[in-house]
Amino acid sequence: MAVVEKQKTNNPVGKSVPRNDVLEKVTGTAIYTDDIQFGPGLLHCRVVRSPYPHALIKKIDVSKALKLPGVKGVVTGDDFDEYIGLYLKDRHLFARGKVRFVGEPVAAVAATTEEIAEAAVELVEVEYEELEPVLDPEFGAQPGAPLIHPDLGSYERPNFIFPVAGTNISNHFKIRKGDTEAAWPQCAAIVEHTFRVPHVQHVPIEPHVAVAKMEENGQMTLWASTQSPFAQRALLAKTLHIPESDFRVIAPTIGGGFGCKAGVTMESIPCAVAMKFKGHPIKLRLTREEEFYTNFVRQGLVIHLKVGCDKDGNLLAFENRMYWDGGAYTEYGVNVTRAGGYSSTGPYDIPNVKTDSMCVYTNHPVGGAYRGFGMAELHTGVDQVMDMLAEKIGMDPVEFHKRNCVQGGDVLATGMVIHDVGIKECIDKVAQALDWGVKEPPSSPNKLRGKGIALAWKAPAMPPNAGSSALVKMNADGTVTVSVGGQEIGQGTFTAMAQIAAETLGVPYESVKVSGPIDTRYSPYEWQTVASRLTWSMGNAVRNAALDAKKKVLDMVAEAWNEDPKDLDIKDGYVISYKTEESISIKDIVVYGLPKPNDQGWIGGPVVGAGSFMPTYVTGLDAETGQGDRAVVHYTTGAEGVEIEVDKETGRITILRAACSFDVGKAINPALVKQQMEGGFVQGLSSALFEGMQLVGGVTRNPSFVDYRIATAADVPPEIDTFIVEHAQDDGPFGARGIGEHPLVPSIAAVAAALHDATGLRITNPPFSAEKVYLALLDAGLVE
Amino acid sequence: MHNPHPGLPEIDYIKPATLEEASRFLASHAGEARPFMGGTDCIVRIRDGVWKTKYLVDVKGLDGTDGIRFEAGKGLTIGAAVPMNKVAAHPDVQKHYPVLVEACHWVASYQLRSRATIVGNICNASPAGDTIGACMLLGGVLRVFGPDGMRDEPLNGFFKGPGKTNLKPGDIATALFLPLPPAGSVGRYIKLGRNRLGDLAIVGVTALGYPDASAASGFRFGIALASVAPVPLRASKAEEILAGKAIDEGVIAEAAQAAMDACTPIDDTRGSARYRKLMVRNLTRSALVDIWTKIRK
Amino acid sequence: MSFHRITLTINHTLYQVDIPGHLTLLQMLREKVGLTGTKNGCASGECGACTVLLNGDAVNSCMVLAAECDGADVVTIEGLAQDGEMDSLQKFIIEEGGVQCGFCTPGILMSARALLNRNPHPTEFEIREAISGNLCRCTGYNRIVAAISKAAQYEHPAA
Ligand SMILES: Cc1cc2nc3c(=O)[nH]c(=O)nc-3n(C[C@H](O)[C@H](O)[C@H](O)COP(=O)(O)OP(=O)(O)OC[C@H]3O[C@@H](n4cnc5c(N)ncnc54)[C@H](O)[C@@H]3O)c2cc1C
Ligand code: FES
Ligand code: FES
């Protein structure tokens, strides 16, 4: 059990070195936001929330609440009139005049204890006048639907988001490639189907928590469980009229994010309150129930698909009309819609494409970023429809997928030429692992057994200029401290960054520390920890910073030794000369420098390397056709398959085994890559089998773990085979690209395909609950 | 809208020294005070704001509430305060009341069962209570200390509606008595949740078969159903069918159908009424087939 | 609101704490005693992040009132390592890669400790059952199950 012994791992890239953040996590000493002690000045905040999906606020009376002993004050929408929003600036910190979803913050109370704040919330009297709600995105997109944002046309927006003023459509993304109308008659088989994907919640085990404190001098500090400290600083500083340099965000260890802690969610509330009670830290933590119904959700999707192929199974035409249930406001929803739009074909090469991807305001919870950023929802439809088409044309799905999947050099629906991708290898590996083509008998006569496979692709979805930066600081004891602004959210990014720095610098992995917590005052800038972009983008920044530091070390030694830096290198923490075979430890010299050759003074000095990275080649896309040179930086592609059994007595699906394979370009740490595949697959599985927010009249009927089930240890297949494929990314550090989100993407479609293989039925709308499956079997006459 | 407190609101914890004291306090604070055992229902419901309780009266450790006593030839007395894990691990319970062990096993999670009690499950009177069916079929009797002293409350007839029982303010169940089941009994508890473990029952079926010369097949069966009616339900019609005929697949199917017809489930977040009814039929059949196979050996 | 003075042992140290009646053991550990390793993921008995050993057995500390704990013996994640030596479960969960964000980890380790204390040779499914009340959104569980299984073998090698 050689876990904590001192080891030395040189050239760690590609090796499964142990994580550098676990000791604290297994001993209970890792500090999460809620663990920070703030002393007796701390005030607790609780939130008055809308009970209605759509209503006018007629009156707010806080007088009773203010009288409760221990209550310090109440803030409402009257106190803040600015708009906030990551893309489209469409919401206020607290509802003003109108509420648009159940759970929307209307006011916040600050009090000496959480209990008193909560008691005061019940004393705030709000008078509402209910309005007709919009509860379906397709209905909401129609002319005549009640308008949720009459001011949509005047909202500030970036140039790649296209709201349709006078409607509920907050973004309409289009692709027009080739001519689908002309292609349909040439198709030997066509499948048309509509899929509905429910809202799901992220369910990090750590609920949101944030503490804000404003000093008397106006400086604001926010401690938050967040994936986006820099984006929060930018958005909140602007909205609250605080200079960015006076706004500090500290991001302690975070207990899972999955997208829901990206952007600004509830953090604005304690910040707003803190402005009224200077000198007091103001804490807000969401209850698990609030986590379910007030937070950003993975928005629901209605997707109409039509796809056709020739008699040999070659895809010819594809139409995709998506209505995203963006909810009451569009923090991320509009960009999910855009991502769903430019990736709308899935990883398939199709000559004629017509896509309309629309984000629609509804009176549902706000659509956010969720692991996969639209791709799981999209693939739930696209990969099922491909499975259906394969069946219709009489072709094995694996063969069909391989025939049609994208390959390096293909021109995608947006006009972008795709780089080398290993998706075919991924399909082969998954098929092989599942003994594809071998039909195993069920384990009992009461069971049906089947296999299914689905593909996935995803590009980092972000503004074209999302940047990363890093500092590499050399220490006198020969160790290295790496500073980054991207968050360790469990994915292992601090470990991967240490590996990249160590490999680049020529020091052992064990001598590199990554400094946390992220603190916008001290950490270098990072756009956000989202989009599976850190390994690639922040990795590039770290590599550049390490190269910079290395150059400084080598230049110094070269000067001291009178050599050409080109003949020098760093290996195992020593600068070596290939020419003279001399060597010297980097210890001390990286801080104190070296004496000049003539002993007249010193050279060098403390070595700090700086590096940054920003893609400069992503182009805009035409608003009418979606065409452009390069829509995205790259795609990670892969495949997943499952073998399942269906219990004819109850309808319950059991996953017998599963296989996942993704082309990650280069696995910086293969064990961590595999852990992402397993964890992501299981999260996807959970949404395939169990998850869905039960929204009735805008109210979430299952906002707790009792009512909203997620997979437990007893629900997952003991065998999840994972396979890494490596087709190098030309601009990735050591060829790497991201893997954080992708394993979740194909799970639903893979289970649906297996369900069809087992039962012959197409049960297309997740979750594939025991009830849904049983009733479908019953209605089809397969059980009595 | 479901909007629970972050923690418990400011309630008080009362630890009386005697049953009398506890009962007096409970009786004089009707509607405000509750007996408190494992607390796994109390804490959740008070936090939810569903119960406006002001005092939790800890009755653990009061006279008769501790320990498990098995008396050969008579039966088993489970102190009201004994958590489910302790009950399920007890050798006499495992030997003579395996169906109760099976039922306990299906409740929530291990760590919750370290606190949750069977008596709490019964007094909470949720139609979804997993252990109630077994206790009913085993002829369970609650020993209750009330303002008028001790009395027995047989479980059949005890449940009046969701959360409603024969207990009155001031009543404290001190123990559950289960008579010794006839030699050769076989029981089953089948629970269906949305995922494999930890859900509340969409449907729960308890069945118990035991030798009885007066029944046509020589065996009599009891069937209790969870989550399909306002109260834990005995499927008496199904029981009668099984008692009156020689058992075969057809009769089992007939009984399962009768169980299905007897229940009046609702649609809720866990499942629809339609599915629940069908599952009562299927799982009752399964349980009976299982028992029938084993009981004849 | 009345206060209760309780005396209890936490991680082998004797404490005397004054707490109001509505405080849960979880809140007391985190807010009064300053042991924040035990996590709050739901406050209603569902997620297992708050699991501690109470008188030797695993409980959800959010489902226990602190006032009930007079005289009790509590072990939290901070007390799992002894004399500077990590528990074998801690070592194996690291080795197997069963930790990502780490928020579920303290609770899982305490559930697993209780399991191995009562059942030194659990089957794989017994392990899954024992931690089925501990939700983890990151790992997909299998590595945690493997870690517990390896720790069991290490602590009690099959004869
Ligand atoms: C996360 C979670 C999951 C759950 N899952 C399940 C499940 O799967 N199956 C299931 O059946 N239940 C489940 N429950 C409900 C609960 O755990 C059980 O009902 C449990 O048996 C209650 O026992 P307790 O000792 O904790 O009761 P308590 O909460 O102490 O009491 C329950 C009720 O009985 C009353 N009461 C308690 N003791 C007495 C007494 N001596 N005399 C009179 N009245 C008394 C109380 O006032 C209260 O009304 C779950 C609960 C939670 C929190
Ligand atoms: S916090 Fe106690 S179980 Fe979730
Ligand atoms: S490691 Fe994140 S919840 Fe388990």
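Just above, that's the structure.
Worth saying up front: this structure is predicted, and the values here are computed from it rather than measured. (Residues numbered from 1 in each chain as written. Chains lettered and ligands numbered in written order. Predicted model: local features only at pLDDT ≥ 70, side-chain atom pairs only at ≥ 80, totals over all residues. Heavy atoms only, no water.)

Description of the overall build of chain A
Of regular secondary structure, chain A possesses 18 helices and 31 strands. Over its C-alpha trace chain A gives a radius of gyration of 27 Å, about what one expects of a compact globule, namely 28 Å for 784 residues. C-alpha atoms of chain A, sized along the principal axes, occupy 90 × 75 × 50 Å. The long-range share in chain A, meaning contacts at least 24 apart out of those at least 6 apart in sequence, stands at 78%. Taken together, the 73 basic and 97 acidic charged side chains of chain A have centroids lying 2 Å from each other. (Helix = DSSP H or I, 4+ residues; strand = E, 2+ residues; numbered from the N terminus. Rg over C-alpha atoms; globule rule 2.2 N^0.38 Å. Contact = heavy atoms within 4.5 Å. Lys, Arg positive; Asp, Glu negative; His and termini not counted. Charge placed at Lys NZ, Arg CZ, Asp CG, Glu CD.)

Re the interface of chain C and chain A
Each side of the interface is counted separately: chain C has 48 residues, and chain A has 57 residues. Note on chain C versus chain A: buried area summed over both sides is about 4100 Å², and carbon and sulfur give 58% of it. For Arg-285 of chain A, the salt bridge goes to Glu-31 of chain C, with nearest N and O atoms at 3.2 Å. Where chain C packs against chain A, one counts 24 residue pairs in polar contact (both at pLDDT 80 or more). (Buried area = accessible area lost by both parts, 1.4 Å probe. Salt bridge = Lys/Arg side-chain N within 4 Å of Asp/Glu carboxyl O. Polar contact = N/O pair within 3.5 Å; in protein donor to acceptor, adjacent residues only side chain to side chain.)

Notes on the sheet that holds strand 11 (residues 247–251) of chain A
Residues and elements named next belong to chain A. Strand order in the open sheet made by the eight strands is 3-5-1-12-9-10-11-20, with mixed pairing throughout. On the outer flanks of this sheet lie strand 3 (71–76) and strand 20 (518–519), each paired with one strand and no other. Across four bridges, strand 9 (residues 209–214) lies against strand 12 (residues 282–285) in antiparallel orientation. Of the residues in strand 12, the one forming a bridge with Val-209 is Arg-285. Those strands touched by helix 3 (residues 114–121) are strand 1 (43–49), strand 3, strand 5 (105–111) and strand 12, and its axis lies near 25° from that of strand 1. (Pairing = 2+ DSSP bridges. Axes fitted to C-alpha atoms, helices over the stretch in contact; angles between N-to-C directions.)

Section: the environment of Asp-325 of chain A
Residues and elements named next belong to chain A. Residue position: Asp-325 is located in strand 14 (residues 315–327). Spatially, the C-alpha atoms of Asp-325 and Pro-198 are 9.3 Å apart, while their sequence positions differ by 127 residues. Asp-325 has contacts with Pro-137, His-199, Gln-299, Gly-300, Val-360, Thr-362 and His-364, leaving out every residue within four places of it along the chain. For Asp-325, the side chain forms a polar contact with the side chain of Thr-362, separated by 2.4 Å.

Some thoughts on the site of ligand 1
Residues and elements named next belong to chain B. Around ligand 1 there are 36 residues in total, and Pro-35, Thr-40, Asp-41, Thr-117 and Asp-130 lie nearest to it. In this structure, an oxygen atom belonging to ligand 1 sits 2.8 Å away from a main-chain N or O atom of Gly-38. In this structure, Asp-41 approaches ligand 1 through a side-chain N or O atom, which is 2.5 Å from an oxygen atom. Burial of ligand 1 by the protein amounts to 95% of the accessible area it has alone, namely 980 Å². When residues of the shell around ligand 1 are traced back to their parent elements, those giving at least two are strand 2 (33–36), helix 2 (42–48), helix 7 (118–124) and strand 10 (172–179). With four residues, the top contributor of residues to the shell around ligand 1 is helix 7. Considered class by class, the residues forming the shell around ligand 1 number 19 nonpolar, ten polar and seven charged. (Near = heavy atom within 4 Å. Areas by Shrake-Rupley, 256 points an atom, 1.4 Å probe, with all protein chains shown as cover. Nonpolar A, V, L, I, M, F, W, Y, C, P; charged D, E, K, R; others polar.)

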